[in-house]
Amino acid sequence: MQRARRGARRARVVRRALLGALVAAASLALTTASASALIVHLRHHRLSYQPTRRAAAQLLGGPSNASGKPLEYHGGPVMAANTNYAIYWDPGAPAYPSGYQTGLNRYFEDVAHDSGGVMNTDSVLTQYGDSASEFANYNSHFGGALVDSDAYPASGCAEATICLTDEQLRSELQAFVKANKLPIDLQHEYFLLTPPGVESCFEAAGHECSAGTKNAKYCAYHGFISVSGAVLVYANDPYVAGLGCDPGEEHPNENVSDATIAGGLAHEHSESVTDPQLNAWFDSKQLEVGDKCRTFKTATEFGEPLGKAPDGSNYNQVIDASLYWYQQEWSNAAGGCQQRLAERPLVTKVAPKGGSPSGGTLVHISGANFIAPATVKFGAAAATEVTVTSPTSITAVAPAGAGSVFVTVTTSAGSSAPNKKARFKYKKAKKAQRLATRRGRA
């Protein structure tokens, strides 16, 4: 009888083990084959990648990422602060293009300079917290640019002359961090940046690889490495200029580094901060904060341009006075994609509602989201003596003009939309003169 009971218990254990294996296998299949999942499970770890245009069309069935479904919290940590390191794996050849490293370093420096502000995508991330009551604060620092001069190992994949697997990249990165006694924790991230001609694949089979290969699936990806109980957060950012990750003509700095920033680096930075161990913030389709705005439609992916750079490129981010063009990030609070936490200005009232065609009228403008510096236009003409007195009030002196025009306010968050409450009417010259005469007599 006891033997029979022991046998029955063993059978139940085996059944549970088999059931668990089947569930795990089903889960793995769902994660790697789902039409929307951008989180992949490799042998012993997970990665989250930004797809190329071609891969996105196959995986996502079109640009439908930016749905109204919110990101959901899954219990893991966020990065309460982030110190970023740019690691250039440069044994001497192939070479990085001139200015490439300088452009990327400047981006990290600019993001760090504006840390704590509300004027770029990092500020959108601050709404996401974790179970330890930490938030993905805009508390960013640049740890520096480091050069790894180790020779590339023999290719672990066959999709390019130099083709490295994620396992090889992780091994090199871990050895480099250890040799240089760099910090390993949830407040530091390492961006591995390789030159043109150095490609990578998730695994040796070479089915999912970087943008410069025939099996191009990703622009960049982020992940983590467990090291003696600590977490090494990293991102792989291969060279993507001119490939299926490059936004094309939109290079506001006239530098190929713009392609890397827009084609993966900014995306992976945001997702690392909000989901460093791939167990914090993503939606029901396993799309993270950047994935949901990777729509390949300018209006949703990049939002409204703030202006034109000297070379004619659009830009939608101004960071420490530098111009950038890269994707928006998902905001649960707004229910959509945003360029920054600060919103576009809104004009709700102008007083007086009219004035002299020769200009000179002091106008009080009421509304919302006013921040300095700001410019004010009456129609196409710029006002003078613009003063932001509060987030809801501006004074400005009207320029010369004619007819009825819209008053618009422009800040670094964009321009206010024309509306009927923002109209200013220039009085006819004779009527204005009569009004002035009456005031003089009074």
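Quick summary incoming for the structure in this document. From a predicted model like this one, the values you see are computed outputs, not experimental measurements. (Residues numbered from 1 in each chain as written. Predicted model: local features only at pLDDT ≥ 70, side-chain atom pairs only at ≥ 80, totals over all residues. Heavy atoms only, no water.)

## What to know about the pattern of salt bridges
Part 1 of the argument: For the structure shown, the criterion picks out four salt bridges.
Part 2 of the argument: D166 is the partner of R170 in a salt bridge, and the nearest nitrogen-oxygen pair spans 3.9 Å. Remark: D166 and R170 occur in helix α4 (residues 166–179); sequence separation between them is four residues, near one turn of the helix.
Part 3 of the argument: Judged by its relative accessible area of 0%, D166 is buried.
Part 4 of the argument: Between E301 and R294 there is a salt bridge, and its shortest N-O distance comes to 2.9 Å. (Salt bridge = Lys/Arg side-chain N within 4 Å of Asp/Glu carboxyl O. Helix = DSSP H or I, 4+ residues; strand = E, 2+ residues; numbered from the N terminus. Buried < 20%, exposed > 50% of the residue type's maximum accessible area, 1.4 Å probe, protein only.)

## Points about the pairing of strand β28 (residues 423–426)
Part 1 of the argument: On β28, burial follows the alternation: F424 and Y426 on one face are buried, whereas R423 and K425 on the facing-out side are not.
Part 2 of the argument: Two strands pair when backbone bridges link them, and strand β26 (residues 404–411) and β28 are joined in this way by three bridges, in the antiparallel orientation. From the neighbouring strand, S404 faces β28, where its bridge partner is K425. (Pairing = 2+ DSSP bridges.)

## A closer look at the environment of I261
Part 1 of the argument: If you trace the backbone, I261 turns up in helix α5 (residues 257–274).
Part 2 of the argument: With a relative accessible area of 2%, I261 lands in the buried category.
Part 3 of the argument: Separated by 65 residues in the primary sequence, I261 and Y326 place their C-alpha atoms 6.9 Å from one another.
Part 4 of the argument: Not counting chain neighbours up to four residues away, the residues in contact with I261 comprise G103, L104, Y107, A266, Y324 and Y326. (Contact = heavy atoms within 4.5 Å.)

## Considering the side chain of D275
Part 1 of the argument: Here D275 lies in the loop between α5 and β12 (281–282).
Part 2 of the argument: Within the buried core, D275 has no salt-bridge partner, and the shortest N-O distance to an opposite charge, that of R46, equals 7.2 Å.
Part 3 of the argument: A distance of 2.9 Å separates a polar side-chain atom of D275 from the backbone nitrogen of N279.
Part 4 of the argument: Once you skip the residues sitting within four places of it in the chain, D275 turns out to touch H222, A280, W281, F282 and E288. (Lys, Arg positive; Asp, Glu negative; His and termini not counted. Polar contact = N/O pair within 3.5 Å; in protein donor to acceptor, adjacent residues only side chain to side chain.)

## Re the sheet that holds strand β19 (residues 346–351)
Part 1 of the argument: Spatially, β19-β21-β25-β24 is the arrangement adopted by the four strands of the open sheet, whose pairing is antiparallel. Each edge of the open sheet is held by one strand with a lone partner, namely β19 and β24 (384–390). Along the sheet, successive strands turn relative to each other by an average axial angle of 25 degrees, direction set aside.
Part 2 of the argument: Bridge count for β24 against strand β25 (residues 393–397) is four bridges, and the pairing is antiparallel. Note that in β25 the partner of S390 across the bridge is S393. (Axes fitted to C-alpha atoms, helices over the stretch in contact; angles between N-to-C directions.)

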